[in-house]
Amino acid sequence: MSRKKPIVIGVAGGTGSGKTTVTRKIYRSFPDKSIAVIQQDAYYKAQDDKPFEERLLTNYDHPLAFDTDLLIAHIHELLQFHPIKKPVYDYTVHTRSDKIVPVEPKDVIILEGILILEDRRLRDLMDIKVFVDTDSDLRIIRRLLRDTEERGRSVESVINQYLTVVRPMHLQFVEPTKRYADIIIPEGGKNTVAIDLMATKIRAVLDGADASPFD
Ligand code: C5P
């Protein structure tokens, strides 16, 4: 069934919390591909005008690191069932790549990212807000493994970035957004009960079972 307006779900949580795994598992429980996934990371500001050394110094955990205006414009397009051209971010060079990914409009849009609940304009576009809440020791271990294996970083640089930027920004900007969540999922991707509940809720909304008799 096609809806008048897609439903928008925000999935926030600190780095390494498992929000990508939660999103992937929800996505995969809809084999008909009725979900569009938008990662906030794709909307890091392009920094081609800055030399590489300068890009290394950018604070990527601050709300101002993101091109939130473009993200909001793209969500508005998807809400009108228009396709978008999503940017692609390259972590190894700390800027956007030349590629773009076309995203077709869907009945469900999942927005996933560390600061997706931080901007009120984004929150106002969401029907369901989720915060994936995982202990910081697990998050730093996951981040260390991922950034050294997939993002071309050294152990020393990951630890240094975590202590000087990621941790303080998490406490200042990410953690406080938990208060906006409708649902807090402990332990991310391993929480199959929470993921099943989310999928059931989405299915109910898609099937119209959630429609109020008073609308
Ligand atoms: O996937 P995850 O939620 O961990 O991605 C967000 C993290 O990516 C941020 O904590 C930020 O420090 C990191 N990042 C980075 N280098 C960039 C852009 C983002 O380390 N160039």
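Position labels on residues start from 1 in each chain and follow its written sequence. Local features in a predicted model are, by the rule used here, given only for residues with pLDDT of at least 70; side-chain atom pairs are given and counted only at 80 or more, and totals for whole chains, interfaces and linings are based on all residues. Side-chain numbers come from the whole structure's heavy atoms, not from hydrogens or water.

(A) Inspection of helix H7 (residues 192-207) at higher detail. Secondary structure elements follow DSSP: runs of H or I no shorter than four residues count as helices, runs of E no shorter than two count as strands, and numbering proceeds from the N terminus. The span one expects for a helix is its residue count, reduced by one, times 1.5 Å. With 16 residues, H7 extends 22 Å from end C-alpha to end C-alpha; this agrees with the ideal 22 Å at 1.5 Å per step. Every buried residue of H7 is listed here: Ala194, Ile195, Met198, Ala199, Ile202, Ala204, Val205 and Leu206. Just downstream of H7 lies Gly208, where phi reads positive at about 85 degrees. Burial classes: relative accessible area under 20% of the type maximum marks a residue as buried, over 50% as exposed, and values in between as partly exposed (1.4 Å probe, protein chains only).

(B) Structural view of a positive patch on the surface. Like charges are joined within 9 Å and nonpolar side chains (Val, Leu, Ile, Met, Phe, Trp, Tyr) within 5 Å, but only among residues with over 30% relative accessible area and no salt bridge; these make up the patches. Under the convention used here, a 1.4 Å probe and the Shrake-Rupley method define accessible areas, while residue burial counts only the protein chains that appear. For salt bridges, the criterion is a side-chain nitrogen of Lys or Arg within 4 Å of an Asp or Glu carboxyl oxygen. When charges are counted, Lys and Arg contribute as positive and Asp and Glu as negative, whereas His and the chain ends are disregarded. Where a charge lies is defined by one atom per residue type: Lys uses NZ, Arg uses CZ, Asp uses CG and Glu uses CD. A cluster of like positive charges, contributed by Arg24, Lys25, Arg28, Lys33 and Lys190, occupies part of the molecular surface. Its place among the elements puts Lys25 in helix H1 (residues 19-28). Judged by relative accessible area, which is 38%, Lys25 ranks as partly exposed.

(C) Looking closely at the site of the ligand. Proximity is defined per residue: if any heavy atom of the residue lies within 4 Å of a molecule or strand, that residue is considered near it. The local shell around the ligand holds 16 residues, among which Thr15, Lys19, Asp61, His94 and Arg143 are the closest. Any pair of nitrogen or oxygen atoms within 3.5 Å is treated as a polar contact; in protein, a donor-acceptor pairing is required on top of that, and neighbouring residues in sequence qualify only through side-chain atoms on both sides. Taking Thr15, its side chain carries an N or O atom lying 2.6 Å from an oxygen atom of the ligand. Here His94 contributes a side-chain N or O atom positioned 2.8 Å from a nitrogen atom of the ligand. Surface burial for the ligand is 98%, taken as the share of its 480 Å² of free accessible area covered by protein chains.

(D) The packing of aromatic side chains, seen in detail. In this analysis, rings of Phe, Tyr and Trp, with Trp reduced to its six-membered ring, are considered paired at centre separations within 6.5 Å, and the interplanar angle assigns stacked below 30 degrees, edge-to-face beyond 60, and tilted for intermediate values. Throughout the structure, instances matching the rule amount to four aromatic pairs. With 4.3 Å between their ring centres and 20 degrees between their planes, Tyr44 and Phe66 make a pair best called stacked. Placement of the pair is Tyr44 in the loop between strand S2 (35-39) and helix H2 (52-55) and Phe66 in the loop between H2 and helix H3 (68-79), with a sequence separation of 22 residues. A ring pair is formed by Tyr44 and Tyr89, whose centres lie 5.0 Å apart and whose planes are at 40 degrees; its orientation type is tilted. Of this pair, Tyr44 sits in the loop between S2 and H2 while Tyr89 sits in strand S3 (residues 84-90), placing them 45 residues apart in sequence. The same class applies to Tyr44 and to Tyr89, which are both buried. Aromatic rings pair up to connect Tyr44, Tyr60, Phe66, Tyr89 and Tyr91 into one cluster. We call a charge positioned above a ring when the Lys NZ or Arg CZ atom is no farther than 6 Å from the ring centre and deviates by at most 35 degrees from the ring normal. Above the ring of Tyr91, the side-chain terminus of Arg151 is found at 3.5 Å from the ring centroid.

(E) Examining the packing of H1 against H7 more closely. At their nearest, the axes of H1 and H7 sit 10 Å apart, and the two run at 45 degrees to each other. As far as their axial angle goes, H7 and H1 are oblique. Viewed along their axes, H1 and H7 form a crossing whose handedness is right-handed. Residues Val22, Lys25 and Ile26 of H1 form the contact with H7, whose own contacting residues are Ile195, Met198 and Ile202. When residues are sorted by character, Ala, Val, Leu, Ile, Met, Phe, Trp, Tyr, Cys and Pro go into the nonpolar class, Asp, Glu, Lys and Arg into the charged class, and all the rest, Gly among them, into the polar class. Class assignment of the residues belonging to the contact of H1 with H7 gives a composition of five nonpolar, no polar and one charged. Fitting a line to C-alpha atoms yields each axis, with helices limited to the stretch in contact; the angle taken between N-to-C directions then spans 0 to 180 degrees. Throughout this description, any angle smaller than 35 degrees is read as roughly parallel, any larger than 145 degrees as roughly antiparallel, any in the 65 to 115 degree range as roughly perpendicular, and the remainder as oblique. Handedness of a crossing follows from how the near helix is turned relative to the far one, being left-handed for an anticlockwise turn of less than a right angle and right-handed for a clockwise one. Throughout, a residue-residue contact means that at least one pair of heavy atoms, one from each residue, lies within 4.5 Å.

(F) Quick look at the UniProt feature "domain: Phosphoribulokinase/uridine kinase" (unreviewed entry) in the protein chain. The UniProt feature table records "domain: Phosphoribulokinase/uridine kinase" (unreviewed entry) at residues 8-193. Between the first and last C-alpha atoms of residues 8-193 the distance is 21 Å; the span itself is 36% helix and 23% strand. UniProt positions are given in the numbering used here, feature names are shortened, and annotations may be inferred rather than shown by experiment.

(G) Inspection of the nonpolar core at higher detail. Counting residues in hydrophobic clusters, the biggest one holds 33 residues, and the most contacted among them are Ile38, Tyr44 and Leu111. Elements with a minimum of two residues in this core: strand S1 (7-13), S2, H3, S3, strand S5 (108-112) and helix H6 (155-174). Here this core takes five residues from H3, the largest share from any one element. Excluding its chain neighbours within four sequence positions, the residues that come into contact with Ile38 are Tyr43, Leu71, Leu78, Ile84, Lys86, Val103, Ile109, Ile110, Leu111 and Glu112. Nonpolar cores were defined as sets of buried Ala, Val, Leu, Ile, Met, Phe, Trp, Tyr and Cys residues, with membership established by side-chain atoms within 4.5 Å.

(H) View of a negative patch on the surface. A cluster of acidic residues, Asp48, Asp49, Glu54 and Asp98, forms a negative patch at the surface. In this fold, Asp49 is placed in the loop between S2 and H2. Of the residues examined, Asp49 reaches a relative accessible area of 67% and is grouped as exposed.

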